[in-house]
Amino acid sequence: MNILTTNGLLARVIGEWTSNAGLRRLFTRLRAPAHPYDELSVAGTIRSAGDGQAELAVRAATRAGVHADVIAVVGLPA
């Protein structure tokens with residue numbers, strides 16, 4: 001998969017996980033390749049929250065290893 005596909009999938013997962021909080025930034029570092037039909041496992045943690053936004057650390061992995069490390073910034077509802 002290319003970076004556009006990876007970013008699209010991860011933006012969707014982050015949106016669902018955060019109840020559709022507005023995605024402000026997505027910094028993606030691709031690592032190991034991922035291919036169509038590979039199972040992609042995604043896990044994340046909240047790194048910080050405040051000032052109307054939260055920063056998330058997200059990792060996507062396949063059986064072959066870590067596919068992408070992502071830092072996402074989402075807007076928090078008022």
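Anyway, here's the lowdown on the structure attached to this text. (Residues numbered from 1 in each chain as written. Predicted model: local features only at pLDDT ≥ 70, side-chain atom pairs only at ≥ 80, totals over all residues. Heavy atoms only, no water.)

## Some remarks on the nonpolar core
Item 1. Among the nonpolar cores identified, the biggest contains eleven residues, and these are Leu-10, Ile-14, Ala-21, Ala-54, Leu-56, Val-58, Ala-60, Ala-68, Val-70, Ala-72 and Val-74.
Item 2. At the level of elements, helix H1 (3-17), strand S3 (53-62) and strand S4 (65-75) are the ones that each hand at least two residues to this core. (Core = buried A, V, L, I, M, F, W, Y, C linked by side-chain atoms within 4.5 Å. Buried < 20%, exposed > 50% of the residue type's maximum accessible area, 1.4 Å probe, protein only. Helix = DSSP H or I, 4+ residues; strand = E, 2+ residues; numbered from the N terminus.)

## Describing the sheet that holds S3
Item 1. Ordered in space as S1-S4-S3-S2, the four strands form an open sheet in which the pairing is antiparallel. Two strands in the sheet have a free side with no partner beyond their single neighbour: strand S1 (23-30) and strand S2 (41-50). The mean angle between the axes of side-by-side strands here comes to 15°, regardless of whether they run parallel or antiparallel.
Item 2. As defined by bridge partners, S1 adjoins S4 across seven bridges and the pair is classed as antiparallel. Directly across from Leu-30, in S4, lies its bridge partner Ala-68.
Item 3. With respect to the sheet, H1 is in contact with S1, S2, S3 and S4, its orientation differing from that of S1 by roughly 135°. (Pairing = 2+ DSSP bridges. Axes fitted to C-alpha atoms, helices over the stretch in contact; angles between N-to-C directions. Contact = heavy atoms within 4.5 Å.)

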